[in-house]
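Residue-level structure breakdown
This is what each chain is made of:
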Amino acid sequence: MPDYLVLSGILVVVVGFALKLNPLLVVTLAALATGLLGKLGLVEVISAFGAAFNDNRYISVVWIVLPVIGLLERYGLQQRARAVIETIRGATMGRLLLLYLLFRQVTAALGLTSVAGHAQTVRPLVAPMAEAAAEKTHGDLEEDEREQVLGMSAATDNVGLFFGEDIFVAIASILLIQGVFQSYGYELTPLQLSVWAIPTAICAFFIHGSRLLMFDRKLRRPGK
Amino acid sequence: MITLQWLYILAGIAFTLFSLMSAFDRSNGKRFGNAAFWGLLAISFFFGGMLSDLANGVLVLLLVAIAGLGLLGRSDPPTTTLEERLGLSERFGNKLFLPALIIPITAFAGTILYNYTVFGGSGLFEERWVTLILLGLGVLIALIVCMIWLRPPLLAPVEEGRRLMDSIGWAAVLPQMLAALGAVFALAGVGEVIGGIAGGIIPEDSIFIAVLIYALGMALFTMIMGNAFAAFPVMAAAIGIPFLVVDYGGNPAVIGAIGMLAGFCGTLMTPMAANFNIVPAALLELKSQYGVIRMQIATAIPLLACNILLIYFLAF
């Protein structure tokens, strides 16, 4: 009889997010509930939580780019990014983001996952460029349209990263797959795995890319 | 050798400065909350490796208490106005892009140089973290270039960094917290229970339905955990290997690789994947914290369908 009580943490997460409680609080309560109902002691749960938090500090290192980005914004970087887009004929938001999608997929496939990202490229460059391009073809954006353009800029970064990186042989997820299969006696090489990431990468490019171009057309529709 | 630890010290210095400037910012009514929050992160970066697991856990609980009690405010340090920025952007022109590009180019060119030339053998950088370390180096170079070229007030990078940091707020540590939650889930055996449930509903003699449950299970479990890495070992052990590979004779490389990518489709649809979905919404100052996920769902669902078909046709 499996112990279904350990699933209570998942319930805490779902309810907590639905009630829009502070996510840090929700996550901590979920960890405590799971640990305590999973028959761990309080000290043990807090220690495990702290150790894992400490092991994952590298995730938050990326914030060191903020002083540079902020400094450049002080001197008009976002305004410059917009000005450049306004001078390029034929630049639309969809085409611009399509180009960025391709760039992100290709660089990620070469293993260069941290060359771009939300802090490094999306906020200072891609999002203001996309917004300027959308305004160029569409005129002033309504509040919600602007949110969609910015959201799509971040979404494009994610799609490009996720469905490019697994083509690179030395990425963590490929090594994880290899490790799991190895523990069941299947010897797979990273290259064998990474080639099978290519069909999905192509699908992702066409699905997200056609959405980007359709988004252009939707924004351009007059009289709405 | 330059290791990840060096980057942690750099991050520790940045967060110490954010914390100090927050403490002296009288315009922010919650300045001590901000100072404490960024200060605790600075302690984590400097000393996390020396603290006991329990002490790190208490540090996390303090961070959560500050955020949960609403003690974090948003600062607005003095900066240039929009009109001034338009003028400055005209004055400096496209050269403004150069410092911004120093960071990715250092990471890009540096990684290639390091991996494909003799530098690689030098052991200068810690193997696993080459690109991230080069990113940090790029930040330092870009910062020096900006200070010399633009001649801003000495504290401007700290103040501008703090402005952005405060606009992200508690969301900045959410990804790290979720990774920690994943570790507690693993310790309590959540994965095995979920895997048992998924494995229990597999019908006999239908490869397609088994593929469907495997891929949907990967996506759903990834949405719960916020991370395909946590879901993959569970789903592979519960369905992928025993049913798809052993019983039905599927190609293990296809089942492994595309199964993981089915999980990534789940990552696009969950607030639990905070660093990809919630943090950018804060960083772009969107009104809805779900503003990024909303734009991803229509890519994620058809792509998940593609993955199911790809596994079915390529593996069997």
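Residues numbered from 1 in each chain as written. Chains lettered and ligands numbered in written order. Predicted model: local features only at pLDDT ≥ 70, side-chain atom pairs only at ≥ 80, totals over all residues.

On a plain count of helices and strands, chain B comes out with 15 helices and zero strands. A burial count over chain B gives 53% of its 316 residues as buried. When contacts within chain B are restricted to residue pairs at least 6 apart in sequence, long-range pairs at least 24 apart make up 74% of them. (Helix = DSSP H or I, 4+ residues; strand = E, 2+ residues; numbered from the N terminus. Buried ≥ 20, exposed ≤ 12 C-beta atoms within 10 Å, placed from the backbone. Contact = placed C-beta atoms within 7 Å.)

The next subject is the overall build of chain A. In terms of regular secondary structure, chain A is built from 11 helices and zero strands. Along its sequence from the N terminus, chain A presents helices and strands in the succession α-α-α-α-α-α-α-α-α-α-α. Projected onto its principal axes, the C-alpha positions of chain A cover 65 × 45 × 35 Å. The burial tally for chain A puts 58% of its 224 residues in the buried class. Of the contacts made within chain A by residues no fewer than 6 positions apart, 72% connect residues no fewer than 24 positions apart.

It is worth spelling out the domain arrangement of chain B at this point. Taken as a whole, chain B is organised into domain 1 (4-68), domain 2 (82-163) and domain 3 (174-315). Here the C-alpha centroids of domain 1 of chain B and domain 3 of chain B sit 33 Å apart. (Domains from an automatic or database assignment.)

On to the packing of helix H8 (residues 143-165) of chain A against helix H11 (residues 198-220) of chain A. All names here are of chain A. Relative orientation of the contacting elements H8 and H11 amounts to 170 degrees, with a least axis distance of 10 Å. Accordingly, the angle class assigned to the pair H8 and H11 is roughly antiparallel. Where H8 crosses over H11, the handedness of that crossing is left-handed. Contacts between H8 and H11 involve Glu 145, Met 152, Thr 156, Val 159, Phe 163 and Gly 164 from the first element and Thr 200, Ala 201, Ala 204, His 208, Leu 212, Phe 215 and Leu 219 from the second. Here the residues of the contact of H8 with H11 are counted per class, giving eight nonpolar, four polar and one charged. (Axes fitted to C-alpha atoms, helices over the stretch in contact; angles between N-to-C directions. Parallel < 35°, antiparallel > 145°, perpendicular 65-115°, else oblique. Left-handed = near helix turned anticlockwise from the far one by under 90°. Nonpolar A, V, L, I, M, F, W, Y, C, P; charged D, E, K, R; others polar.)

Bringing the interface of chain A and chain B into the picture now. Across the contact, 100 residues belong to chain A and 117 residues belong to chain B. Residue composition of the side of chain A that touches chain B, by class: 66 nonpolar, 25 polar and nine charged.

This part takes up the domain arrangement of chain A. Each assigned domain of chain A is listed here: domain 1 (4-55) and domain 2 (63-220). Taken over C-alpha atoms, the centre of domain 1 of chain A sits 32 Å from the centre of domain 2 of chain A.

Right, let's talk about the packing of helix H6 (residues 93-109) of chain A against helix H7 (residues 118-138) of chain A for a bit. Residues and elements named next belong to chain A. Between H6 and H7, whose axes approach to 8 Å, the crossing angle comes to 155 degrees. As judged from the angle between their axes, H6 and H7 are roughly antiparallel. Residue-level contacts link Met 93, Leu 96, Leu 97 and Tyr 100 of H6 to Val 126, Met 129, Ala 130, Ala 133 and Ala 134 of H7.

Taking 1.5 Å of rise per residue, the 12 residues of helix H9 (residues 172-183) of chain A would be expected to cover 16 Å, and the 17 Å separating its terminal C-alpha atoms lies within 8% of that figure. Along H9 of chain A, the residues classified as buried are Ser 173, Ile 174, Ile 177, Gln 178, Val 180 and Phe 181 of chain A. Projected onto a plane normal to the axis of H9 of chain A, the buried residues spread over an arc of 165 degrees and lie on a single side. For H9 of chain A, the exposed residues set more than 90 degrees away from the buried face come down to Ala 172, Gly 179, Gln 182 and Ser 183 of chain A. In the core, the buried residues of H9 of chain A are packed alongside helix H10 (190-195) of chain A together with helix H11 (228-247) and helix H12 (252-267) of chain B. Gly 185 of chain A sits one or two residues past H9 of chain A and shows a positive phi near 90 degrees. (Expected span 1.5 Å × (residues − 1). Arc of directions from axis to C-beta.)

What follows is about the environment of Pro 280 of chain B. Relative to the assigned elements, Pro 280 of chain B resides in helix H14 (residues 279-283). Residue class for Pro 280 of chain B comes out buried when judged on the 28 C-beta atoms lying within 10 Å of it. Considering only alpha carbons, one finds Pro 280 of chain B and Tyr 290 of chain B, 10 residues apart in sequence, at a separation of 9.9 Å. Ignoring anything within four residues of it in the chain, the contact list for Pro 280 of chain B reads His 118, Val 122 and Ala 154 of chain A together with Val 292 of chain B.

For chain B, mean pLDDT is 91; residues scoring 70 or higher make up 100% of the total. This complex was scored by the predictor with a pTM of 0.86 and an ipTM of 0.89. (pLDDT = per-residue confidence, 0-100.)

Here the focus is the nonpolar core. If you look at the biggest cluster of nonpolar residues, it comprises 192 residues, and the most contacted ones within it are Phe 49, Val 65, Val 68 and Ala 130 of chain A together with Ala 180, Met 235 and Ala 257 of chain B. Per-element accounting of this core gives the leading share, 13 residues, to H11 of chain B. In contact with Ala 257 of chain B, other than residues within four places in its own chain, are Asp 166, Ile 177, Leu 193, Trp 196 and Ala 197 of chain A. (Core = buried A, V, L, I, M, F, W, Y, C linked by C-beta atoms within 7 Å.)

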